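Residues per chain are reported as follows:
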Amino acid sequence: MIILSLESSCDETACAIVKADNDNFVLLSSIVSSQIVKHEKYGGVVPELAGRHHLELCTNVVRLALDEAKLTLEDIDLFASTRGPGLSAALLIGMTAGKSYAMAMNKPFVGIHHHEAHLLSVLLEHEKVEFPIATALVSGGHTMFVVVEAPGKYRVMGATIDDAAGEAYDKVSRMLGLAYPGGPIIDALANKGDASKHKLTRPMKDNLYDVSFSGLKTATKYYIRDNPQALPEDVAASFQEAVVDILTTRIKNILKLMEKEGNPARAISLGGGVAANSALREAVEELGAQKNIRALIPERIMCTDNAAMIGVCAYYHHKLRGEDNLNADIKSSWPLSSLQ
Ligand code: KG4
Ligand code: ZN
């Protein structure tokens, strides 16, 4: 089955072509056009602008993806678009385009859950994956811990009660007078700094599965305000150490619970933009080695939003739930737990 998938939930306009057979995947092409520079000066994504850029870029990314895969629309068996969650103005463009291609080519269409796609993206890069997998999904909009029992079977174990991890990175970057998105900048800076100069708070440390980043963000803000001599790289290092500690503690707690329940994790995985973080990747690799289980960490390009993960998810969505109706609406809020 050849799948053409579109992603337009936030500020990346993306199209991919994935060949899927018997739960095996080959990525034939993946085009991601990032709008980051268009939103940079506003310090975050402007929904109306994002929608307009998706409209401008959408047909071009499709054309490029088809060209790179040396295919035409006639070769596509299934069309897929991100249905939610995300920015309405952005989702509408990808959904309308995907449905229109499906209708014009008289082929099935599926509307994909963006987080389910992040969770399944590891299946594209790794072979012989065994379940259950303990996954931390950490992006600019969401932070949650999910046990993937199998494709289509998810158990949401915990989440942030306020800011997402990526959002905290973006805000700390702004506090230090640095650019958007803050994650890669703070990550690089932290690697040059000394976290031992100042230990930042770990909010909600008694909570086993939920996290909070708002308190950490405020603690960082006060630390910067009260210590104007503090080096930005040391602030970044302390902040990053706290984020990684907060996230890995919850992953460890989930692994413990899974062991106690008699169904231990066969792997740990990461997804979402913050999964590109060097310290988090290293910590999860180490944890996997300690527990003697696989650490399935996506390539950095697969961590941030892309359409290849939408293609993999489309295969399972179609296999498990069938095709979607062409009058399917977008779902800008769409809890993962409602997929069951
Ligand atoms: O998944 P994503 O591309 O978009 C959504 O939010 O859905 O994630 C973007 C987020 C941004 O907040 C960005 O600052 C963060 O991921 N990010 C990182 C790194 N690279 C991107 N955060 C920490 N370290 C990184 N290396
Ligand atoms: Zn995402």
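Participant: Now, about the state of the cysteines: what can you tell me, with residues and values included?
Facilitator: For the structure shown, the criterion picks out zero disulfides. Considering cysteine sulfurs only, Cys 10 is the nearest to Cys 303, which forms no disulfide, with 16 Å between them. With a relative accessible area of 0%, Cys 303 lands in the buried category.

Participant: How would you sum up the coordination of the zinc ion (ligand 2)? Please name residues and give values.
Facilitator: For a metal with four donors in a tetrahedral arrangement, the ideal angle between donors is 109.5 degrees, while six donors in an octahedron ideally sit at 90 or 180 degrees. Coordination of the zinc ion (ligand 2) by the protein comes from His 114 (NE2), His 118 (NE2) and Asp 305 (OD), over a distance range of 2.1 to 2.2 Å. In the primary sequence, the donor residues of the zinc ion (ligand 2) line up as H-x3-H-x186-D. A residue pair is termed long-range when its members are at least 10 positions apart, and His 114 in helix H4 (residues 114-120) and Asp 305 in the loop between helix H11 (300-303) and helix H12 (308-321) qualify at 191 residues.

Participant: Lay out the packing of aromatic side chains with the relevant residues and their values.
Facilitator: Tallied over the full model, the rule gives five aromatic pairs. With 5.2 Å between their ring centres and 85 degrees between their planes, Phe 25 and Tyr 315 make a pair best called edge-to-face. Taken together, the residues Phe 25 in strand S3 (residues 24-34) and Tyr 315 in helix H12 connect sequence positions 290 residues apart. Neither residue differs from the other here; Phe 25 and Tyr 315 are each classed as buried. Judged by centre distance (6.1 Å) and plane angle (10 degrees), the ring pair of Phe 79 and Tyr 101 falls under stacked. Of this pair, Phe 79 sits in strand S4 (residues 78-84) while Tyr 101 sits in helix H3 (residues 88-105), and the two are 22 residues apart along the sequence. Residue Phe 79 shares its accessibility class with Tyr 101, and that shared class is buried. Chaining the aromatic ring pairs together yields one cluster made of Phe 25, Tyr 315 and Tyr 316. Positioned over the ring face of Trp 334 is Arg 83, at 5.7 Å from the centre of the ring.

Participant: Any chance you could break down the layout of surface pockets for me, citing the residues and the numbers?
Facilitator: Considering only enclosed or pocket space, the largest pocket measures out at about 1,100 Å³ in volume. Within the residue set of the lining of the largest pocket, elements represented by two or more residues are S3, H4, helix H6 (165-175), helix H7 (182-190) and H11. Each residue belonging to the lining of the largest pocket can be placed in one class, and the counts come to 13 nonpolar, 18 polar and eight charged.

Participant: Can you explain the sheet that holds strand S2 (residues 12-21)? Please cite residues and give values.
Facilitator: A sheet is described by the order of its strands in space; here five strands give the open sequence S3-S2-S1-S4-S5, paired in mixed fashion. Looking at strand neighbours, the two that pair on one side only are S3 and strand S5 (109-113), the edges of this open sheet. This sheet shows a mean twist of 20 degrees between the axes of neighbouring strands, independent of strand direction. Of the pairings in the sheet, the one linking strand S1 (residues 2-7) to S4 comprises four bridges and is parallel in character. The residue of S4 that forms the bridge with Leu 4 is Phe 79. Helix-sheet contacts for helix H2 (residues 47-69) involve S1, S2 and S3, and the interaxial angle to S2 is about 35 degrees.

Participant: Which residues make up the packing of helix H8 (residues 214-226) against helix H9 (residues 232-260), and what values go with them?
Facilitator: Closest axis-to-axis distance for the H8/H9 pair is 11 Å, and the angle between their directions is 165 degrees. With respect to their mutual orientation, H8 and H9 come out roughly antiparallel. Both H8 and H9 take part in a crossing whose hand is right-handed. Where H8 approaches H9, its residues Leu 216, Thr 220, Tyr 223 and Ile 224 are matched on the opposing element by Val 235, Phe 239, Ala 242, Val 243 and Ile 246. Considering only residue class, the contact of H8 with H9 consists of eight nonpolar, one polar and no charged.

Participant: Describe unusual backbone geometry, with residues and values.
Facilitator: Of note, the bond from Gly 84 into Pro 85 is cis; its omega dihedral lies within 30 degrees of zero at -15 degrees. Summarising the element assignment, Pro 85 is placed in the loop between S4 and H3. Cis rather than trans, the peptide bond between Phe 131 and Pro 132 has omega equal to 0 degrees. With respect to the helices, strands and loops of the structure, Pro 132 is situated in the loop between helix H5 (122-125) and strand S6 (133-138). Of note in this structure, Asp 23 is not a glycine but carries a positive phi near 65 degrees. Relative to the assigned elements, Asp 23 resides in the loop between S2 and S3. Of note, Lys 70 is a non-glycine position whose phi angle comes to about 55 degrees, a positive value. Relative to the elements of secondary structure, Lys 70 occurs in the loop between H2 and S4. Classification of Lys 70 as exposed rests on a relative accessible area of 74%.

Cut-offs used in this document
Residues numbered from 1 in each chain as written. Chains lettered and ligands numbered in written order. Predicted model: local features only at pLDDT ≥ 70, side-chain atom pairs only at ≥ 80, totals over all residues. Heavy atoms only, no water. Disulfide = S-S within 2.5 Å. Buried < 20%, exposed > 50% of the residue type's maximum accessible area, 1.4 Å probe, protein only. Donors = N, O, S within 2.8 Å, 3.2 Å for Na, K, Ca; no water. Helix = DSSP H or I, 4+ residues; strand = E, 2+ residues; numbered from the N terminus. Phe/Tyr/Trp six-rings, centres within 6.5 Å; stacked < 30°, edge-to-face > 60°. Lys NZ or Arg CZ within 6 Å of the ring centre and 35° of its normal. 1 Å grid on protein atoms, 1.4 Å probe; cavity = no way out; pocket = protein on both sides within 12 Å on 5 of 7 lines; lining within 4 Å. Points joined across faces, edges and corners; volume = space filled by probe spheres on them. Nonpolar A, V, L, I, M, F, W, Y, C, P; charged D, E, K, R; others polar. Pairing = 2+ DSSP bridges. Axes fitted to C-alpha atoms, helices over the stretch in contact; angles between N-to-C directions. Contact = heavy atoms within 4.5 Å. Parallel < 35°, antiparallel > 145°, perpendicular 65-115°, else oblique. Left-handed = near helix turned anticlockwise from the far one by under 90°.

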